[in-house]
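This is what each chain is made of:
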Amino acid sequence: IKNNATKVKSPDYIIAIGGGGLIPARILRTYIKKPIYVITVSLYNDENMKNNIEVLQWVDLDLKDKNILIVDEIDDTRKTLDFCINRLKTINNANNISVFVLQNKLKNKVNQLDKTINYHACENIEDKWVVYPWD
């Protein structure tokens with residue numbers, strides 16, 4: 001994470017996607033000294049993907065003209081990331097979004113990211129199940 005922290009645009013806020021994004025966001029904060037806010041959504045139920053994403057926790061911030069950095073551990077199908085980006089845009093007026101993930105699975109995604117989004121993956125990996133030490 002340390003080597004990749006300098007490659008991202010300096011944010012006003014770090015937005016950790018609850019669950020997998022919490023630990024990478026906290027480590028990242030060592031190098032990018034900005035506050036961390038947490039959003040939590042549920043896409044999986046006992047390791048099976050749900051049809052709909054459930055919002056468990058959200059931020060009550062107006063993010064217009066703020067540089068935000070969304071952090072998660074992995075970009076798999078992009079369903080969670082896409083949902084969070086769109087909701088931050090519509091609910092929180094976010095218009096300057098960057099994304100930081102530890103790993104990006106090399107596979108087709110649900111959606112392409114808007115070209116205005118600065119995307120950084122520390123590593124591109126094969127499409128295999130990943131278990132992190134904090135799981």
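It should be noted that the structure appears before, not after, this text.
Small disclaimer: the values here were computed from a predicted structure and weren't measured. (Residues numbered from 1 in each chain as written. Predicted model: local features only at pLDDT ≥ 70, side-chain atom pairs only at ≥ 80, totals over all residues. Heavy atoms only, no water.)

J.: When you look at the pattern of salt bridges in this model, what are you seeing that I'm missing?
T.: Two side chains that carry opposite charge are able to pair once their charged atoms sit near each other. Scanning all chains against the criterion turns up 8 salt bridges. Close ionic contact of K105 with D76 constitutes a salt bridge, the shortest N to O distance being 3.3 Å. Taken together, the positions of K105 in strand β5 (residues 96–105) and D76 in the loop between β4 (67–75) and α3 (79–92) put the pair 29 residues apart, joining distant regions of the chain. No difference in accessibility class separates K105 from D76, as the two residues are buried. Two residues, D114 and K89, come together in a salt bridge whose shortest N-O distance is 3.9 Å. Of the two residues, D114 sits in the loop between β5 and β6 (118–125) while K89 sits in helix α3, which places them 25 residues apart along the sequence. (Salt bridge = Lys/Arg side-chain N within 4 Å of Asp/Glu carboxyl O. Helix = DSSP H or I, 4+ residues; strand = E, 2+ residues; numbered from the N terminus. Buried < 20%, exposed > 50% of the residue type's maximum accessible area, 1.4 Å probe, protein only.)

J.: Can you help me understand the packing of aromatic side chains in this one?
T.: For any pair of aromatic rings, the description rests on two quantities: the centre-to-centre distance and the angle between the ring planes. For the coordinates displayed, the defined rule picks out 2 aromatic pairs. Relative to Y37, the ring of Y13 lies with its centre 5.3 Å away and its plane at 85°, an arrangement referred to as edge-to-face. A residue pair is termed long-range when its members are at least 10 positions apart, and Y13 in strand β1 (residues 13–17) and Y37 in strand β2 (residues 36–45) qualify at 24 residues. Among the residues examined, Y13 registers a relative accessible area of 17% and is labelled buried. Residue Y37 is classed as partly exposed on the basis of its relative accessible area, which comes to 29%. Judged by centre distance (5.1 Å) and plane angle (10°), the rings of Y132 and W134 are stacked. Judged by its relative accessible area of 29%, W134 falls in the partly exposed class. One residue, R78, lies across the ring of Y119, its end atom 5.4 Å from the ring centre. Geometry around W58 places R87 over its ring, the cationic atom sitting 4.8 Å from the centre. (Phe/Tyr/Trp six-rings, centres within 6.5 Å; stacked < 30°, edge-to-face > 60°. Lys NZ or Arg CZ within 6 Å of the ring centre and 35° of its normal.)

These figures come from the coordinates and say nothing about function on their own.
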